[in-house]
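What follows is the residue order along each chain.
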Amino acid sequence: MRGAGTGELDFGSTLRRLRDERGLTLRKLANMTHYSAGWLSKVETGAGEPTLELAQACDEALEAGGELVALARARLSGSTQEGVPRPAQLPAGAGAMFVGRARELELLDEHLELAKSAGTVMTVAIDGPAGAGKTALAIRWAHRVAHEFPDGVLFADLRGFVARGKRAEPGGVIDGFLTALGVPVDGIPSSIEQRAAMMRSAAAGKRLLVVLDNAASGLQVRPMLLGAQGCAVVITSRRRMTGLVLRDGAARLTIGPMEPAESQAVLTTAIGSQAEDETEAIRALAEQCSHLPLALRVAAEKVAARASYRVADLVGDLATKNLDVLTMDENDFVHEAISSSYRQVDPPAARMFRLLGLHPGPDIALGAAAALAGQPFATVQRLMERLEGVHLVEAKARNTWHLHELLRAFAARCVLEDEPPESRDAAIQRLTTWFLSNPPASE
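As the structure is a prediction and not an experimental result, all values here were calculated from the model.

Engineer: Can you explain unusual backbone geometry? Please cite residues and give values.
Structural biologist: The phi dihedral of R101 is positive, around 60°, even though this residue is not glycine. Mapped onto the elements of the fold, R101 is located in the loop between α5 (67–79) and α6 (102–118). Using a relative accessible area of 4% as the deciding quantity, one classes R101 as buried. Even without being glycine, R159 reaches a positive phi, approximately 55°. Within the fold, R159 resides in the loop between β2 (153–157) and α8 (170–180).

Engineer: How would you sum up the sheet that holds strand β6 (residues 363–365)? Please name residues and give values.
Structural biologist: Pairing within the open sheet is antiparallel, and its 3 strands lie in the order β6-β8-β7. One side of each edge strand has no neighbouring strand; the edge strands of this open sheet are β6 and β7 (394–397). Taking the axes of each pair of neighbouring strands and ignoring which way they run, one obtains an average angle of 35° across the sheet. Sheet topology places β6 next to strand β8 (residues 400–402); 3 bridges connect them, and they run antiparallel. Of the residues in β8, the one forming a bridge with A365 is T400.

Engineer: Give a description of the confidence of the model for the protein chain that names residues and reports values.
Structural biologist: Should pLDDT be low for a region, the predicted coordinates there are not to be read in detail. Put simply, the protein chain has an average pLDDT of 85, and 91% of its residues get 70 or more. Contacts from residues 1–9, a stretch scored under 50 in pLDDT, to residues over four places away or in other chains number 21 contacts.

Engineer: Provide a residue-level description of the environment of R73, including the pertinent values.
Structural biologist: Along the polypeptide, R73 turns up in helix α5. Accessibility expressed as a relative area gives 27% for R73, which makes it partly exposed. The spatial distance from the C-alpha of R73 to the C-alpha of T179 is 9.0 Å, given a sequence separation of 106 residues. When residues no more than four places from it in sequence are discounted, the contact partners of R73 are L52, D175 and V185.

Quick notes on the rules
- Residues numbered from 1 in each chain as written.
- Predicted model: local features only at pLDDT ≥ 70, side-chain atom pairs only at ≥ 80, totals over all residues.
- Heavy atoms only, no water.
- Helix = DSSP H or I, 4+ residues; strand = E, 2+ residues; numbered from the N terminus.
- Buried < 20%, exposed > 50% of the residue type's maximum accessible area, 1.4 Å probe, protein only.
- Pairing = 2+ DSSP bridges.
- Axes fitted to C-alpha atoms, helices over the stretch in contact; angles between N-to-C directions.
- pLDDT = per-residue confidence, 0-100.
- Contact = heavy atoms within 4.5 Å.

Below you can see the structure in the form of structure tokens.
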């Protein structure tokens, strides 16, 4: 089919033409669409297959007026006439660089075995803070068990917490899934309810694995859930999917920072022999990265990329609490990951979070948070619960929350950038008064 009529090569050449006309590099288009520059290059040359989701993202970014979507639909419609290959849509995993999360992988295995024995569909929602490695965990596990799903593996990035661009529409994602399963494009209904029903029907009698990455909410995910015995759906999100658990019977798997030994192993594996004689610095760097895989990998690359730069040097630089130290080239991965969570909470909760940047320690009592916000306890309790729901704070004990190092540094930056000076001064005065009235218990 390649190169014939409205085939892949025509889509690719049109994509290249539109990109050139707008003066965009592959890297710039990759940032706008959230597909890798390498994959977009393959699509342009015809070596990669354009999905409807990719076509929609590129069409929007390039303001193509539906031209790319039409080409993709025509190609997919033609390709389904001669038989459809088993979909295998998983992106590449971390390979040998994946370290740790053994218990979480075991739990996913257990959920799959339980679903098999009960004759039900497995639905698991993985939640956790930005940079905790939810996507890596889901993809790693999916690659391990893909052989158990002979009818295919489907994958979609729902872009629920992207800083730029739009979230994926469930209807568009289902379109891509249905065509991958052999449904002719002109046979896909227009309403989201009908598409969801067709997706469930297409899955009946099959053994499919669906990975829905970076979901914004249960509402975004619900149309893509399956009900067929033998199927499995794994969802990742920074938000706790309570609705899916209560209404749809999903199991929840919450992941947090890695164990210290695991995070040190991530650094040692990524940095290599250079780290062998810096054991203490490795331990300190893991703590400064809050044991979060994203920050750990960025830190490791920062060291490995410069022969004269040692782990201890990065530890010293990070001691300034400056997140910019973890910037690679033009990409501020760590800051952007946390920022996208902060920007999506409602304004009162966002203000509560940044005011926490004025607190002197990582553990924050309800009374201290209420003093910072200048709000009643009941109001602040609800705000902290909303922040906890997207993993911007962690519940430590009753009426006490924990803010890890990277989040503390980010909150401190936000309170300087987003909170007026007079408001900051008033919050500090209220917090000081509260501490004088509530001195810490002596040991």
